[in-house]
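Read off the chains here:
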Amino acid sequence: MADSAVPAADLLPSRFADWFTSRGWSPRAHQLAMVEKAQAGRDALLIAPTGGGKTLAGFLPSLIALSERPPSNTPRNLHTLYISPLKALAVDVERNLGAPIAQMGLGVVAESRTGDTGISRRQRQRVKPPDILLTTPEQLALLCAWEGARLYFEGLECVILDEIHTLHSSKRGDLLALDLARIATFAPNLRRVGLSATVDDPEVIKAWMANHREGGGNASIDLVRGPAGAAPIVDMLLSEGRVPWSGHTAQHAMQEVYDVITKAKTALVFVNTRFQAEFAFQELWRLNEDALPIALHHGSLAAEQRRKVEAAMARGELRAVVCTSTLDLGIDWGDVDLVIQLASPKGASRMVQRIGRANHRLDEPSRALFVPANRFEMLECQAAREAIAENKLDGDPPRVGALDVLAQHVMGCACSEPFDLLKLYDEITTAGPYRELIWEDFEQVVDFVSTGGYALKSYDRFRRIVKGQDGLWRVRNPETAQRHRLNVGAIVSPAMLAVRISSRRGMPGRKIGEIEEGMVEMLEPGETFVFAGQVWRLVGVTNLDVLVQAAPGADPKMPSWGGSKFALSTYLAKRVRQLMYDQSHWQVLPSDVREWLEAQRDRSLIPEEEELLLETFARGHRQFLVCYPFEGRLAHTTLAMLLTRRLERMGAGPLGFVCNDYALAVWAISPLDGVNFGELFAEDMLGDDLEAWLAESFMMKRAFKGAAIISGLIERRFPGQQQKSGRQVTFSTDLIYDVLRRHQPDHLLLRCAREDAASGLIDVARLGQMLARIKGKIRHAPLEHLSPFSVPILLEIGKERSPGHTGETMILKEAEADLIAEALQ
Amino acid sequence: MSVAYAYDHAPSPCGSLRLRLGMAEAMLRRSGALWLEAERALVVADLHLEKGSSYAARGQMLPPYDTRETLKRLAAEIDALNPATVILLGDTFHDRSSEERLPADDAERLRDLARGRTLVWVVGNHDADGPRALPGQTADELSLLGLTLRHEPQAGFQPGEVAGHLHPAARVRATRGSVRRRCFITDGERIILPAFGAYAGGLNVMDKAFAGLFARGPIIGALGSSRVHAVGWRSLAGD
């Protein structure tokens, strides 16, 4: 079946054509198109669903070129560089490439290089590069920061960027785009090849990967589309038990989920948080009378444990894996025939990605099952199903490159060879995310790298990079370069503690995984919790170790969790609103959810699509204000903080608030009906109020810490690195943040932190759009009693911690009261 | 009688915690300073001046404003209390060449603070020689109101000892969550002061470095945003 415009024979050398034939395959149109683009010397972006032979399409041109090289006696240069967002994927592609290379006898060397690659192999790869190197963005940044990077990459012909859709709109994507610009300088003939899953707008990806030099840009990249593949079949689990009002665990449906697993060959059970994963795993095993091999996979488990699960999966030994986003991407498992999404999908694109993990054959549809955990999620699942059926995806907005990442890159450039300021600027502005970078910002970044960028200039004598007499900038000394190389990368993870089994004497023993600091704080010694699929009793916390003992059979305390760490995507939120307001559409919903919507209509109201419903009512001794923006927890938390500030100023005396992905509730002692809601929700709250709150907020501090690490202001703490005991020598970035804010509020890193916090942590842009949308469209429903919609959010009261300044003071006061109570006993 | 009751402590209107320490009366200031009113003596520990520049010299460009920030806070305490004596309880400088790196205007600020009062530099492990050009007297330790003021706490039972060095900090836990703060730690017999320096980190009081220093369960005075909060051992957590 030659389904291409150009006959395969003209494009494929006979060795390749024969190989396809011998396997009983024929080359697909998009594979041939990629060969054609390569022969024309064009950059190409291939968009295809999983299972379409996408990876082979990317490598085919390189394999052909390498197979046609004349023999050589001298060591050869690196020919093709492949970048994957995942280590495991790079290793898997190495294995998959091995087959055609061996079967055709191409004599091509393809090797992976990741953080796990042994030191001797890595050294050999530097001296004697393979033909094809398969690696990650972080390793590329490291290679670019080595002396001799220019020589290493100068003969490079092709770079293949895999799974771009997961990378481009992140700091990792910024870093990769910069390194891409760098190696393009070293290798002027470099051809760029992008591979991506289906995306909403390919132009955004093109802009990210293109070379934006004169005459370059999006037009320099040709788009190749793979076959569409069969539309997935997505069902929703309509539980026999009624859908609960609130919660995120889907506990009510576990028996049915288990029954579905027993009927599938292999199922991937996706959840949104690690604790949901632990919970679901625990529940499934409680029901697992057939002792089906069901495994667990999430980011907190020890790496070797995760590898074991992956290996067992690859051998086809597992019936189900409960997993988080750690398995959103990754190597192909042919046997997966069902994807189950427990609790809300949050976004259509993520769901398409996850569903794509089932069935890697294009002509058969993937099967997926949504299991909503509460009533709002039922609406969300329905909206997601409809979006997927229409093939409508939520788009990532184009991104402007972060300056902390640029600082790291500038330092890396200096570590590899002396640079000229103007030439480096010209190079950096060929990278997609930095094509609009202004010279002043670039200068500020270089100044930051050099002296820290402080107004005082008192650090001139400690410069990290210095300008030589030849006008070039170079790293001050080898130690500084070495330190930089240890801190390369744009991933900053939260402080993790090792979970270890405690010996009888309380000494730390075998490590079972890692857990975020914040999770441990919720537990008291003696309490039990679920981790890595087992029940443990917390013995204590010492330095960086959490000591535990097995407590099989104990009834574990489940730390409260606030649902998903992902926000509902803007696009899906809009669809949920549409679904809700269009009463003729309700018939697709299960009866108990429909009854709930009808009760809401009768007792309160269902607003028009673009309106914001706002209810006020009394309950207990409190007066509530509840509204339903559907903009996700982050935006709601920010909104609630700002609303309470305003209510305070209006004299309404707010006492507290609670948020989830759909709604937020604020309460006070006296009624809130008299408030001017138009004024309360006026857009100007994103001005001074936001700035004042933000400066004090813990989110800014968290963002600052990230920026400080990425930019090289402070160094990473590596797991296993001993903390000095006796006295703390590390310092808290909070202290640095406070000092810098007082003495140099316009410092580069504060600017970075501000931008990160506004986009990532508090979702200011989304909040702004929402406030603009609802202007003059607030529908106030003063009620006698609480409404059906308000039940889920009111159920969350008491489960939530109140972070920030006021919260901290309350904690200290409460502890003090305990001491007084103790004194009076 | 419960432990907490025995400490005889009370809040004061300025947010300090008033405490009997041996036979002396002490005020635990919200800034982390100790005020001995009977002698009009202000005690601060572990200023670690020029810690920022010390890291910068090694290639980590921390902001250089820490000295200014620390001295500003010290000046605010001196303005509020007008002490006759200011006692710097060791590790005033972060390293031996800190004094040379001290910017001229910060050195001038320090001289201003010493004007019209006695400045005592109790020396610590980071600044064992005391100041070279700056005013003040140097001492290994100091006796005042029956208290012994020294940099590093000595092992065993040391009634009346006032020390720094360990940079105590506590993670205080309540039902709503936990919060980490610098703190004083005392059993009513001896006291360890929090670090006063802007960049000085904190060591959790649960660390073994504190073990064996206190005869009975100590209480801590956590530095809050408006006052010092007395907190019992049972409300604390490790990091």
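As the structure is a prediction and not an experimental result, all values here were calculated from the model. (Residues numbered from 1 in each chain as written. Chains lettered and ligands numbered in written order. Predicted model: local features only at pLDDT ≥ 70, side-chain atom pairs only at ≥ 80, totals over all residues.)

Re the overall build of chain A
- Looking only at helices and strands, one finds 32 helices and 25 strands in chain A.
- In chain A, buried positions account for 48% of the 825 residues.
- Across chain A, every contact between residues at least 6 apart in sequence was considered, and the portion connecting residues at least 24 apart equals 75%. (Helix = DSSP H or I, 4+ residues; strand = E, 2+ residues; numbered from the N terminus. Buried ≥ 20, exposed ≤ 12 C-beta atoms within 10 Å, placed from the backbone. Contact = placed C-beta atoms within 7 Å.)

So, helix α19 (residues 439-451) of chain A
All names here are of chain A.
- An ideal rise of 1.5 Å per residue puts 18 Å on 13 residues; α19 measures up with 18 Å between its terminal C-alpha atoms.
- Every buried residue of α19 is listed here: Phe-442, Val-445, Val-446, Phe-448, Val-449, Ser-450 and Thr-451.
- Downstream of α19 by one or two residues, Gly-452 has phi in the positive range, about 95°. (Expected span 1.5 Å × (residues − 1).)

Structural notes on the confidence of the model for chain A
Residue and element names in this part refer to chain A.
- Looking at chain A, the pLDDT average stands at 84 and 89% of residues meet or exceed 70.
- Within the model, the stretch residues 558-564 combines pLDDT values under 50 with 21 contacts to residues more than four positions away or in other chains.
- Segment residues 800-805 is flagged for pLDDT under 50; beyond a separation of four residues in sequence, or across chains, it makes 13 contacts in the model. (pLDDT = per-residue confidence, 0-100.)

Quick word on helix α22 (residues 570-581) of chain A
Residue and element names in this part refer to chain A.
- For α22, spanning 12 residues, the distance from its first C-alpha to its last is 17 Å, which sits close to the expected 16 Å at 1.5 Å a residue.
- Three or more residues of α22 are buried, namely Thr-570, Leu-572, Ala-573, Arg-575, Val-576, Arg-577 and Met-580.
- Summarising the contacts, the buried residues of α22 are in contact with α15 (348-355), α16 (375-389) and α30 (764-774).

Focus: the sheet that holds strand β2 (residues 80-83) of chain A
Residue and element names in this part refer to chain A.
- Across the sheet, which stays open at both edges, the 7 strands sit in the order β3-β4-β2-β5-β6-β1-β7 with parallel pairing between neighbours. At either margin of the open sheet sits one strand with a lone partner, and together these are β3 (110-113) and β7 (221-225). In this sheet, adjacent strand axes meet at a mean angle of 15° when their direction is disregarded.
- Sheet topology places strand β5 (residues 158-161) next to strand β6 (residues 191-196); 4 bridges connect them, and they run parallel. Note on β6: the bridge partner recorded for Cys-158 is Arg-191. (Pairing = 2+ DSSP bridges. Axes fitted to C-alpha atoms, helices over the stretch in contact; angles between N-to-C directions.)

Regarding the packing of α16 of chain A against α22 of chain A
Residue and element names in this part refer to chain A.
- Taken N-terminus to C-terminus, the directions of α16 and α22 make an angle of 110°; their axes are 9 Å apart at the nearest point. Compared by their axis directions, α16 and α22 come out roughly perpendicular. Within the contact between the two elements, α16 uses Leu-379, Glu-380, Gln-382, Ala-383, Ala-384, Glu-386 and Ala-387 and α22 uses Leu-572, Arg-575, Val-576, Leu-579 and Met-580.
- Counted by class, the contact of α16 with α22 contains 8 nonpolar, 1 polar and 3 charged residues. (Parallel < 35°, antiparallel > 145°, perpendicular 65-115°, else oblique. Nonpolar A, V, L, I, M, F, W, Y, C, P; charged D, E, K, R; others polar.)

Things to note about the sheet that holds strand β24 (residues 664-668) of chain A
Residue and element names in this part refer to chain A.
- Read from one edge to the other, the open sheet built from 5 strands follows the order β23-β24-β22-β21-β25, with strand pairing classed as mixed. At either margin of the open sheet sits one strand with a lone partner, and together these are β23 (654-659) and β25 (778-782). In this sheet, neighbouring strand axes are inclined to one another by 20° on average, regardless of whether the strands run parallel or antiparallel.
- Across 6 bridges, strand β21 (residues 612-619) lies against strand β22 (residues 622-627) in antiparallel orientation. Directly across from Glu-615, in β22, lies its bridge partner Val-626.
- Relative to the sheet, helix α24 (residues 633-649) contacts β23 and β24, its axis offset from that of β23 by approximately 170°.

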